[in-house]
Amino acid sequence: MTLSALLPIVENLGVDVISSASTQQHGDWVIELSLQPRGAQLVGSRAMQQQFCQTLLAVSTDEVDNDGFNNLITLCALDLRGCILLRALARYLLQIKLPFSQAYMQGALCRYPQLARAMVEYFHLKFDPAAQGSEGDLESAQRALLAQIDGVASVDDDRIFTAFVDVICATVRSNFFNPAVWADPQRCLAFKLLPGRIRNMPKPVPAFEIFVFGPTVEGVHLRGGKVARGGLRWSERMEDYRTEVLGLAKAQMVKNAVIVPTGAKGGFVCKALGTDTEPALRAAKVRLAYSAFIRGLLDLTDNRVDGQVVPPQHLVRYDADDSYLVVAADKGTASFSDLANGIAAEYDFWLGDAFASGGSKGYDHKKMGITARGAWESTRRLFRELGLDTQRQAFSVVGIGDMSGDVFGNGMLLSNQIRLLGAFNHRHIFVDPTPDPATSFAERQRLFGLEGSAWSDYDAALISPGGGVFSRQSKKIPLSLPMKQALGISDEIAYLSPDALIAALLRAPVDLLWNGGVGTYVRASDETDLDVGDRINDGLRLAATELRARVVVEGGNLGLTQRARIEFARRGGLINTDAIDNSAGVDCSDHEVNIKILLDQRVRAGVMAAPARDELLDAMTDEVAALVLRNNYAQSKMLSQSSQTAAAFIGKHAQLIQLLEREGRLDRQLECLPDDAEIAERIARQEGLSRPEIAVLLAYSKSRLFEKLIDTDLIDDPIIAESLLQYFPALLRDNYRDDIEHHPLRREILAAQLTNQVINRMGSSFCLLLLEEVKTDCARWIRSYAVAREALGIADLARDIDGLDAGISNRQQMDLQLRMHHPVERATYWLLKHADWSQPTAVIAARFRRAIDDTRGRMPGMDGATQGPHGLLESRVAELERLYFGFDIAAIAQQAGCDVPVAASAWFCLNDSLDLFWLRRALDSLPAFDKWQRKSKQQLSETLDAAVRRRVLALLQASGACGGEGEFADLIESCATLGELRGSVAEAKSQTGQHLAMMSCLVNQLGD
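Since this is a predicted model, take the numbers as computed values, not measurements. (Residues numbered from 1 in each chain as written. Predicted model: local features only at pLDDT ≥ 70, side-chain atom pairs only at ≥ 80, totals over all residues. Heavy atoms only, no water.)

1. Description of the sheet that holds strand β15 (residues 468–471)
Argument step 1. Strand order in the open sheet formed by seven strands is β15-β14-β13-β12-β18-β21-β22, with mixed pairing between adjacent strands. With one partner strand each, in any of the chains shown, β15 and β22 (574–575) form the two edges of the open sheet.
Argument step 2. Here four bridges tie strand β18 (residues 512–515) to strand β21 (residues 551–554), and the two strands are oriented parallel to one another. When the bridges of β21 are listed, Leu-513 appears paired with Val-552.
Argument step 3. Where helix α19 (residues 498–506) meets the sheet, its contacts fall on β12 (395–400), β13 (418–424), β14 (428–431), β15 and β18, and the angle it forms with β14 comes to roughly 45°. (Pairing = 2+ DSSP bridges. Helix = DSSP H or I, 4+ residues; strand = E, 2+ residues; numbered from the N terminus. Contact = heavy atoms within 4.5 Å. Axes fitted to C-alpha atoms, helices over the stretch in contact; angles between N-to-C directions.)

2. Quick notes on the domain arrangement of the chain
Argument step 1. Taken domain by domain, the chain consists of domain 1 (3–74), domain 2 (145–357), domain 3 (394–576), domain 4 (587–893) and domain 5 (897–1007).
Argument step 2. Each of domain 4 and domain 5 was reduced to a C-alpha centroid, and the two centroids are 31 Å apart.
Argument step 3. Taken together, the contact pairs 26 residues of domain 4 with 27 residues of domain 5.
Argument step 4. Roughly 2400 Å² is buried in total at the junction of domain 4 and domain 5, and carbon and sulfur atoms are behind 61% of that figure.
Argument step 5. If you sort the residues of domain 4 by the area they bury against domain 5, Arg-858, Ile-892 and Ala-893 come out on top, with a joint share of 27%.
Argument step 6. At the boundary of domain 4 with domain 5, the tally comes to four salt bridges.
Argument step 7. Connecting domain 4 to domain 5 are nine residue pairs in polar contact (both at pLDDT 80 or more). (Domains from an automatic or database assignment. Buried area = accessible area lost by both parts, 1.4 Å probe. Salt bridge = Lys/Arg side-chain N within 4 Å of Asp/Glu carboxyl O. Polar contact = N/O pair within 3.5 Å; in protein donor to acceptor, adjacent residues only side chain to side chain.)

3. A word on the pairing of strand β7 (residues 228–234)
Argument step 1. In terms of residue burial, β7 counts as a mostly covered element, since seven of its seven residues are buried.
Argument step 2. Sheet topology places β7 next to strand β11 (residues 326–328); three bridges connect them, and they run parallel. Along β11, the bridge assignment pairs Arg-229 with Val-326. (Buried < 20%, exposed > 50% of the residue type's maximum accessible area, 1.4 Å probe, protein only.)

4. Observations concerning helix α12 (residues 279–299)
Argument step 1. For α12, built from 21 residues, the straight-helix expectation of 30 Å at 1.5 Å per residue is met to within 8% by its first-to-last C-alpha distance of 30 Å.
Argument step 2. Those residues of α12 lying buried are Val-286, Ala-289, Tyr-290, Ser-291, Ala-292, Phe-293, Ile-294, Gly-296, Leu-297, Leu-298 and Asp-299. (Expected span 1.5 Å × (residues − 1).)

5. Some words on the packing of helix α36 (residues 810–834) against helix α43 (residues 931–958)
Argument step 1. Across the interface, α36 lies against α43 with an axial gap of 13 Å and an inter-helix angle of 65°. Relative to α43, the element α36 is oriented roughly perpendicular. The two elements α36 and α43 cross, and the hand of that crossing is right-handed. Along the contact surface, α36 presents Arg-826, Tyr-829, Trp-830, Lys-833 and His-834, while α43 presents Gln-938, Ser-941, Glu-942, Asp-945 and Arg-949.
Argument step 2. Classifying every residue of the contact of α36 with α43 by side-chain character gives two nonpolar, three polar and five charged. (Parallel < 35°, antiparallel > 145°, perpendicular 65-115°, else oblique. Left-handed = near helix turned anticlockwise from the far one by under 90°. Nonpolar A, V, L, I, M, F, W, Y, C, P; charged D, E, K, R; others polar.)

6. As for helix α7 (residues 113–127)
Argument step 1. The end-to-end C-alpha distance of α7 is 21 Å, a good match for the 21 Å that 15 residues give at a rise of 1.5 Å each.
Argument step 2. Taken as a whole, α7 has its buried residues at Pro-113, Leu-115, Ala-116, Ala-118, Met-119, Val-120, Tyr-122, Phe-123, Lys-126 and Phe-127.

7. Notes on the pattern of salt bridges
Argument step 1. Enumeration over the complete set of coordinates arrives at 77 salt bridges.
Argument step 2. A salt bridge links Arg-237 to Asp-240; the shortest N-O distance between them is 2.9 Å.
Argument step 3. Note that Glu-592 and Lys-596 form a salt bridge whose closest N and O atoms lie 2.8 Å from each other. Taken together, the residues Glu-592 and Lys-596, both in helix α23 (residues 584–604) and four residues apart, mark about one turn of the helix.
Argument step 4. Exposure remark for Glu-592: the relative accessible area of 0% places this residue in the buried category.
Argument step 5. Judged by its relative accessible area of 1%, Lys-596 falls in the buried class.
Argument step 6. Here the salt bridges share partners, and the residues they tie into one network are Arg-173, Lys-192, Arg-223, Asp-302, Arg-317, Asp-319, Asp-321 and Asp-322.

8. Some points on the nonpolar core
Argument step 1. Formed by 173 residues in total, the largest nonpolar core has its most connected members in Phe-355, Phe-887 and Met-999.
Argument step 2. Ranked by the residues each element gives to this core, the list is headed by helix α41 (residues 900–914), at ten residues. (Core = buried A, V, L, I, M, F, W, Y, C linked by side-chain atoms within 4.5 Å.)

9. Side note on unusual backbone geometry
Argument step 1. A cis geometry characterises the amide bond from Lys-203 onward to Pro-204, with omega recorded as -5°.
Argument step 2. Within the secondary structure, Pro-204 sits in the loop between β4 (189–193) and β5 (208–213).
Argument step 3. Even without being glycine, Lys-97 reaches a positive phi, approximately 70°.
Argument step 4. Turning to its location among the elements, Lys-97 is positioned in the loop between α5 (80–95) and α6 (102–111).
Argument step 5. In the Ramachandran plot, Cys-672 falls in the positive-phi region, its phi being about 60° despite a non-glycine side chain.

Here is the structure:
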């Protein structure tokens, strides 16, 4: 070691170097230093001198960092591990944006070394299994710490020490006292935190976090909930990797709304890499860093043995059991799943190779093309709104990515009608001004099958005149006339730089912009490149106002900022969010994990061989894909429905936003949702939320409902629990039903299934508003919804409407879907209040299904019978508005002691005679822009139904509960008060407009 390298190490150990002398002995240089300790203890303390030497050796071999924390060894007799602990905590504070440098924090601790030592002792008292303090001991130690901090003179120093204590208090697990961590230099310290307990945490604040710290690796793993999953990435952002991971975790939480776990994301930096490291050595070091990171996570994760939770050894826990840890590949770790599963096997972790999905014994996402196929469901739906069939009509595309990539490559092979005008990746720019769909499709197919292909491999002879493949390293690129025409570039421009040509591709007037790459390429017009946080693409990024594509689909993450999506959508562009478009990948992984959990129980029990499990997994590939894509279809369809009614529903959406805010779930500024003033302006303009905004609400609604459903007893209801079986492929349903019913995550899977079914069919505001306003329990609400659908035959009707995809316009199809919502919502509400829930759900459903069938038999023909090829289906939808009253009719029949058909005759006779159907339609059509207006309408509607029930019961009693339509009509005609009401209804109907006061008078008149 050179003298220049040695001196900083020694000085960071709390001594000043007075002089040095070098001598050569046996061919080696020996350096003798004269030292002046800054603290008097070093001279007289043998133990401190040993610590000094140990630390000097550890730093010189790169096992420990060389920094000012090492001063504490001589300032307060702290040992090496104590210095490492404080260094780790400081590194975490830097990542959560404490506004002080590491050097400044080191200075604070060295100014108050006894306080630094007290913090380490508090950590020992909390987490040392051999000397763990009681709750009272910890409280006393914490009070003493805070009292010492009160004595600190500097405000900055106070903030620093308070932040350190905050992190220690928020830590609930650590492997600091695991001997194996200190025995292996490749191992890392790990700290599990509850970030919500730390003041001034950057938002959004995850539910759980693990911070991993070592001499060559650092990283974080953020989780949105106890059952959470997401990828682990190698980050190259040494200074702010947590900021990168936090942004991705936020997107993952939204994306994971379709699956069982909520979102998680992990990221690590490899501190041992140099800029000139050989590629092979670089890859090896990243693998070592990833391995250390994985071990840090597993060190703090409970295991399950024979169904029981088993904590790790040498671990003190201050939280509940926590055994669900599932990871996935991500940027820089695409081939690491088997490595992760091998480490999990070393730990005998209960999830086996379900720990890291997508390994050699799992589903290959690229081979399945599942992420791209899911995004293509979004593509087809958005183009249907434009009246274009992507599988039959040619359309123009510009793309981000290349044919060797999963999402881009698979996506650009999902239709032979694609006219790919251009694309780019990090190396090349591809331009094909007037492509032939068939020829270019075949060439893309060839490139996709060519291992590691690049745009430079594209056959130049197949590129249309004026096009080509250009290097991004070129100084300038000449523009042909066809290129200018295709991309909408001015004739006056002869050359463009590579970045400028890419920007021209992004703003090209095409039908589809397909993002299958990495990077953020579009910001909002009021955002800066600094706001985006993707410096590498600053030179080519557009404002959303510059986009001329009709549709944008994000198979890759973060292609646009959320504000850019909203701006593009409000200007008429069609776009969802990346979380919606590329959710199929996480959904597929979720199925893989849960299927492996199920089958591995059989493998461990010795009733299934591991090779047989692998064969079964492979046999179910196609059906797993179909289950995943069904979710993508349903979710994109719901967004289409919600967008179609956005203006009418903005009041409900506003109430939903306020509800989520009150519960502390939603930060509307963070999610780029409008404030109350903006919502009021949109209501005045009759403008609703944009599709990207609705997508955010859809995800938050699912997360909220999922949490409520987990804690219910619905798993014990045979009718409801049938949805659990539908999550799994038929091979498992048919052969392993008992295993499914005893799956360790059965409650979570059922909750996710029910959440998707309800919200993908009924929209984000349906369940939340109902739960808030009715104040009922979630389980009864789900049962009511299930009975309503069963009784009204909604499943068959919805399936028939979905089957019209190619034969009806998107608007007509969405209209049919939307017209089912109102009767289902009203039926759910009725069942909540009036059904006899002491009976099993199946019994209630069967009773009302019979009642609805009897009601249909007595229901008068409706005016304006629909014609055309789908007339019968439209009639079935239309009759739902009257069939809903079969629930009331069944209750009336039971109360009157008559058959349902008789009660139905009396009910329809009264309503037709008094024109009450018009009254209901008029009441429903009244505007309701807030909760109180909706409550007023709801209460008036209930009063109307109650008055009708009383009148019908009176008719049945007067007829001896066995009258016919003629007798009922005569009784109504002979009633003077009903005659007056008929006249009042006719008068109101003749008015040019109706209002709530008018409706109230009519309803009260009926009740008198």
